[in-house]
Each structure stands twice: as structure tokens, then as C-alpha cells.
Amino acid sequence: MDTIESSGPESALVTPFTSPVTLVLCCSSAVLVLILAKCMLGWCRSSTGGAPLPSLPRVPVLGSLLHLRSPLPPHLLFTGLARRHGPLFGLHVGPHRTLVVSSVSLAREVLLHRGKDFAGRPKMVTTELLTRGGKDIAFADYTPLWRTHRRLVQSSFTLFGEGSNKLQTIVLEAAESLCADLRSCRGQCVDLSPILMRAVTNVVCRLVFNSSYRPHDPELQQVMDYNDGIVQTIARGGLVDIFPWLQIFPNKDLAKLKECVCIRDKLLSKKLEEHKLTLTPGDPRDLLDALLIGQRGSGGDITDDHVLMTAAEAFGAGVETTSTTLLWTIAFILHHPQVQERLHAELDEYVGRHRPPALSDRTNLPFLESVLCEVMRIRPVSPILIPHVAMQDTSLGGHAVSRGTRVLVNMWAIHHDPKHWDHPDRFLPERFLDAEGKKITPPSFLPFGAGPRVCVGESLARMELFLFVSSLLQHFKFSTPSGASLPDLQGRYGVVLQPLCYSVTVTPRH
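Residues numbered from 1 in each chain as written. Predicted model: local features only at pLDDT ≥ 70, side-chain atom pairs only at ≥ 80, totals over all residues. Heavy atoms only, no water.

Peer 1: Could you clarify how one ought to interpret the overall build of the chain in this entry?
Peer 2: When its secondary structure is counted, the chain shows 16 helices and 13 strands. Residues classed as buried in the chain amount to 50% of the 510 residues present. By sequence separation, contacts in the chain at least 24 residues apart represent 72% of the contacts at least 6 residues apart. Of the roughly 24,200 Å² that the chain leaves accessible, carbon and sulfur atoms contribute 58%. (Helix = DSSP H or I, 4+ residues; strand = E, 2+ residues; numbered from the N terminus. Buried < 20%, exposed > 50% of the residue type's maximum accessible area, 1.4 Å probe, protein only. Contact = heavy atoms within 4.5 Å. Areas by Shrake-Rupley, 256 points an atom, 1.4 Å probe, with all protein chains shown as cover.)

Peer 1: Would you mind going over a nonpolar patch on the surface with me for this structure?
Peer 2: Side chains of Val-59, Val-61, Leu-62 and Leu-66 sit close together on the surface and give an oily, nonpolar patch of about 300 Å² of accessible area. Here Leu-66 is to be found in the loop between α1 (20-47) and α2 (74-85). Looking at Leu-66, the relative accessible area reads 38%, which means it is partly exposed. (Patch = residues over 30% accessible without salt bridge, like charges linked within 9 Å, V, L, I, M, F, W, Y side chains within 5 Å. Salt bridge = Lys/Arg side-chain N within 4 Å of Asp/Glu carboxyl O.)

Peer 1: Which parts of the structure should I look at to understand helix α3 (residues 104-113)?
Peer 2: In an α-helix, one turn spans 3.6 residues, which is why side chains three or four residues apart end up on the same side. Every buried residue of α3 is accounted for by Val-104, Leu-106, Ala-107, Glu-109, Val-110 and Leu-111. Buried positions along α3 lie against β3 (88-93), β4 (96-101), β6 (388-389), β7 (394-396), β9 (406-409) and α15 (411-415).

Peer 1: Help me understand unusual backbone geometry in this model?
Peer 2: For residues other than glycine, phi is negative in most cases, and the peptide bonds are mostly trans. Even without being glycine, Val-61 reaches a positive phi, approximately 70°. Relative to the assigned elements, Val-61 resides in the loop between α1 and α2. Its relative accessible area of 60% is what places Val-61 among the exposed residues. Positive phi values are uncommon outside glycine, yet His-423 reaches one of about 45°. Turning to its location among the elements, His-423 is positioned in the loop between α15 and α16 (458-475).

Peer 1: Sorry, what's going on with the sheet that holds strand β10 (residues 476-479) here?
Peer 2: In a beta sheet, neighbouring strands are held together by backbone hydrogen bonds and run either parallel or antiparallel to one another. With antiparallel pairing, three strands are arranged side by side in an open sheet as β5-β13-β10. Edge positions in the open sheet fall to β5 (189-191) and β10, since each of these has one partner strand only. Mean inter-strand twist for the sheet, computed between neighbouring axes without regard to direction, equals 45°. The sheet contact formed by β5 and strand β13 (residues 503-508) spans three bridges and is antiparallel. Bridging from a neighbouring strand, Asp-191 pairs with Ser-503 of β13. Set on the sheet, helix α12 (residues 304-335) makes contact with β10 and β13; between it and β10 the angle comes to about 70°. Its contacts with the sheet put α16 on β10 and β13, and the angle it makes with β10 is roughly 90°. (Pairing = 2+ DSSP bridges. Axes fitted to C-alpha atoms, helices over the stretch in contact; angles between N-to-C directions.)

Peer 1: Just to check I follow, could you spell out the state of the cysteines for this structure?
Peer 2: Where two cysteines share a covalent bond between their sulfur atoms, that bond is called a disulfide. One pass over the structure, following the stated rule, counts zero disulfides. Not engaged in a disulfide, the cysteine Cys-260 finds its nearest cysteine sulfur in Cys-262; these two sulfurs lie 9.9 Å apart. With a relative accessible area of 3%, Cys-260 lands in the buried category. (Disulfide = S-S within 2.5 Å.)

Peer 1: Help me understand the sheet that holds β9 in this model?
Peer 2: Here we have four strands laid out as an open sheet, ordered β3-β4-β9-β6, and mixed in their pairing. Every other strand in the sheet has two partners, leaving β3 and β6 as the edge strands with one partner each. Here β4 runs beside β9; their pairing, made up of four bridges, is parallel. Its bridge partner lying in β9, Thr-98 is registered against Arg-406. Across the face of the sheet, α2 comes into contact with β3, β4 and β9 while running at roughly 125° to β3. Along the sheet face, α3 touches β3, β4, β6 and β9 and points at about 130° away from the line of β9.

Peer 1: Just checking my understanding: could you explain the packing of aromatic side chains for this structure?
Peer 2: Counted under the stated rule, the structure contains nine aromatic pairs. Relative to Phe-427, the ring of Phe-332 lies with its centre 4.8 Å away and its plane at 15°, an arrangement referred to as stacked. With a gap of 95 residues between them, Phe-332 in helix α12 and Phe-427 in the loop between α15 and α16 connect regions that are remote in the sequence. Both rings, one in Trp-421 and one in Phe-432, keep their centres 5.8 Å apart while their planes meet at 45°; by these two values the pair is tilted. You can see Trp-421 sitting in the loop between α15 and α16 and its partner Phe-432 sitting in the loop between α15 and α16, a full 11 residues away along the chain. Over the face of the ring belonging to Trp-421 we find Arg-377, whose NZ or CZ atom lies 5.3 Å from the ring centre. If you follow Arg-453 out to its NZ or CZ, it ends over the ring of Trp-146, 4.3 Å from the centre. (Phe/Tyr/Trp six-rings, centres within 6.5 Å; stacked < 30°, edge-to-face > 60°. Lys NZ or Arg CZ within 6 Å of the ring centre and 35° of its normal.)

Peer 1: I'm lost on the environment of Asp-348 in this one. Help?
Peer 2: When you line up the elements, Asp-348 lands in helix α13 (residues 337-350). The sequence separation of Asp-348 and Gln-474 amounts to 126 residues, and the corresponding C-alpha distance is 7.4 Å. In terms of polar contacts, Asp-348 uses its side chain to reach the side chain of Arg-353, at 3.2 Å. (Polar contact = N/O pair within 3.5 Å; in protein donor to acceptor, adjacent residues only side chain to side chain.)

Peer 1: Explanation requested: the nonpolar core in the structure shown.
Peer 2: One broad trend across soluble globular proteins is that nonpolar side chains are buried collectively. Formed by 108 residues in total, the largest nonpolar core has its most connected members in Leu-192, Val-208, Phe-315, Phe-468, Phe-478 and Val-504. Of all the elements, α12 adds the most residues to this core, at 16 residues. Aside from chain neighbours lying at most four places away, what touches Phe-315 is Thr-201, Val-204, Cys-205, Val-208, Phe-209, Val-223, Tyr-226, Asn-227, Leu-268 and Glu-320. (Core = buried A, V, L, I, M, F, W, Y, C linked by side-chain atoms within 4.5 Å.)

Peer 1: Would you take a moment to explain the pattern of salt bridges for this structure?
Peer 2: Any two side chains of opposite charge can pair, so long as their charged atoms come close to each other. Across all of its chains, the model carries 18 salt bridges by this definition. Two residues, Asp-265 and Arg-132, come together in a salt bridge whose shortest N-O distance is 3.3 Å. Taken together, the residues span a long stretch of sequence, with Asp-265 in helix α10 (residues 252-278) and Arg-132 in the loop between α4 (125-130) and α5 (144-160) at a distance of 133 residues. On the basis of relative accessible area, Asp-265 is assigned to the buried category, the value being 9%. Ionic pairing is found between Arg-509 and Asp-348, a salt bridge with its closest N-O pair at 2.7 Å. You can see Arg-509 sitting in the segment after β13 and its partner Asp-348 sitting in helix α13, a full 161 residues away along the chain.

Here it is in C-alpha cells:
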């Protein structure tokens, strides 16, 4: 019997008893394998810019999860891995092929230059529950229906008054109420978190369904409770999103999420039915009215579920992010009292203390604008953007990317890249000002994303941050309570990057 021992096609050992036919076949197979290997290598080099894409090792079922074990939060872990493997590397989250992007040029390729190629969203257990099967804007997949829905949301903001005084009035009234709450503290040290959360929630309630609440109103508390419950459980939903079959086992977080979503939908459905009965087509009172008016002209594609999920998303995306950015802003000015002094001087010079700030003051308050930008740079509330998915076979950074590949944009790494930011770990608002003191926007600054998936609420968020911060600093000085430590600036990572709880002394300026 002929025998061939081989440790690979290039090291085939032929015995003296090998027949000529077997020898020919053996040599032919070896040559064929070598040719295929060279062809594959040539294809890889031609499609990947000359080098294979760095990737973490993987094992069956778990993928690269064993190599992602770390006490660090994901954005810091990925930033460290990018230093070792480069600004684009691959891994497998369970069965899901995933690319991690850590440079602004690659991020712009994903979000802008190939924005439609990478505009998809992964289908996950928690987000499907949260959005009634993808009837929202942020988590829904990129489809013609999604594009129609997004246009409706944008036109609804315009119809309701984006760019007019309606939204500004809502935010300023909430800011005035917030200042009244802080005055009642009479210089005592306070935890700002629940106070700011209530103020921002009130803005969204007024915006979405035209309800304004007093501090201890039961319905306001219900909205805050279910919203907080959703945020906390979504943050802990990782494994079931990677391995959906885990749903068959008891899951307290999933049960809590279902309970909070049920409470949310019951309240919003009630508001929606009330609005249908009292709707005046030419005079939208709030976002729900504007959505209903737009729905009637959509040809039936936009359902009540789409309207409800848009309203729900205004709370999910609009409350936690804005209140967290406000908390970070106060935390950083406590660490940098000279920044607060300069903000007070700018406000006193251009606004004074006898009228509320207005959006028209933005151009006269460039330092305040630069402080807000620097807060969003140094502590992005979404250090890693919502995952993108390749809608078709495409490429990224010269590397071939197959359809269905997930892409994570590490905004933390981009906003802390020393190639684009001098001393990236230092709080320096001046980096957003030119030599003449006018505000500038560096190309590496992408706090709201970009392209087809750019945050639909960006203009509202920027408006809220400007009006809340200018109103607070117009009326108050913030300082660290006697004997207390300055706020911890490391943060706690969940759905958003939040500062740890801290106390502050609020002193009226006049």
C-alpha cells in the first residue's frame, strides 16, 4: 500500500514505494495548493492595501470574548488595543464579525464617505423590545421606510418650531424653574443629578406632549422612573444581545426592561389617543401633534407604532445625554474655577443679569460655546457610537468588508487622539477658539456622529445645553463644599458615560 506522510503541501515525504501516478497526483495537489495560497495572498494584499487586517484571536462560539476580558470599560479597552493593533482592527463578538474604528479619517469614511454602505443597525434582543421591532430612528435598520420616518421626524421638528421661539421658550421656562429650585437650596450643598434630570425631563415632556410638571408630580416621577429603569437594564443587556438563545433562561434584567417598556407605552399610548381627539391640523401644540399631521400625509407607511417610538426615543435619547453633559460641565468648572470666572465675565458683559440669555447671544458668547464643546470632547456621553452594520460588500481603510459586518466607532479614541489634539487629557476650552477668540470646529470633533445616521436631535441638544448652562452661570456660582473632594472625572460607563455622584455648593450671584 502506498503511503505519504505530510506536514503540509510544501513538505510532502514520498516513500520508495510510491507509484508514479500517486507521485504525479501528490505533486499536482501540492502545486495547486501553493498556487491557490499565492492567489489568496495576492487577493488579500490587493484588497487590503498590502497587509492583512489585524484581528484578535477567536474560539468557537465565544469568538474573541476571552481576549476582551478586562476591568476597563469598552472605550478604554478598545483605545488600548488600537495602540497595539492600529486604528482599524477586527474581532468577533460571539459569532458577529466586528471592526473597531479609532481614527477620525476612518470614522469619516464609515459615517460620511461610505455612510450608506455602513448605515445598517444590528438586530438585538433589547433594542427590539425597546422599539417595538425597530419602529424608531436610532436603532432601526436603514430601509426606505426608515428614511421616510426620519424625514417625518425632521419635518415635525420644523413644523413645531425648530428655529423659531417655541422650543427656546420651552427650554428657558424649564431653566427658570431650575434656577428657582436651586435658589431654594439657600447655599447648602446639593446633589445636582436629580434636579437637572427633572428639568431636562420636563423639557422633553413639554416638547413631546405639552405637559409641564411640578417637582413632585406623580406622572413626572413615573416618566423619570421608567426612563431610568430602561437605561439601567439596557446597559446590562450585553450577553442576551450577543447570544439571543439565552432568552430561554430566566433573566431579571430582561423582565425589568419589559416592565418599564410596558409602563412607558401605556402612558404614551394614552397621550397619543388624547392628541388624536384634540388635534388641530394647522396648529401643532407639540411634537406628537406634528407627527400625527405628518403621518396623515405619509400614505399609510408611518404607523402609530412609529409615532409612539419617536416619542419614546425623545425621552431615551434626550434626557440622559443632556443631563449627563450638564453634570460633566459643572464638574469640570469646579476643577477649573478660572474657567467659571471667565464665563461669568463674558455673560455679564454681553447678556447682563436682567434678562434671560437667548440663542441669538451665541455669537457673543464664544467662550461658553467652547466650554460646552470641550466637555463633549473630553467626556463624550457616547464614547462608542451605536453599532453600524455594512449593508453590502464594501471596503474600509482599503480592507474588504463583507455585508453584515458590524462596525464600532470609538469616539473616545478619536476625541483623545494626540495626533489631532494637543494634550488631549487636559481640559482646554481654548482649543475651540481661533486667534481672534471666535469659535471654531475642528474636523476631529464629532460628538453627534455624522452622515445618514447623525443624531436627529442634535440642534435641540445644543440649544438645551447652551440655554441651561448660560442661565445657571448667569445666576449662580458653583463651588466645592467645604471639606468635600472635587468630583471624580473618570466616570461610570453604562448606556452613557456618567460622572460619579458629587455634591456642590450653589451660591446666588446677586
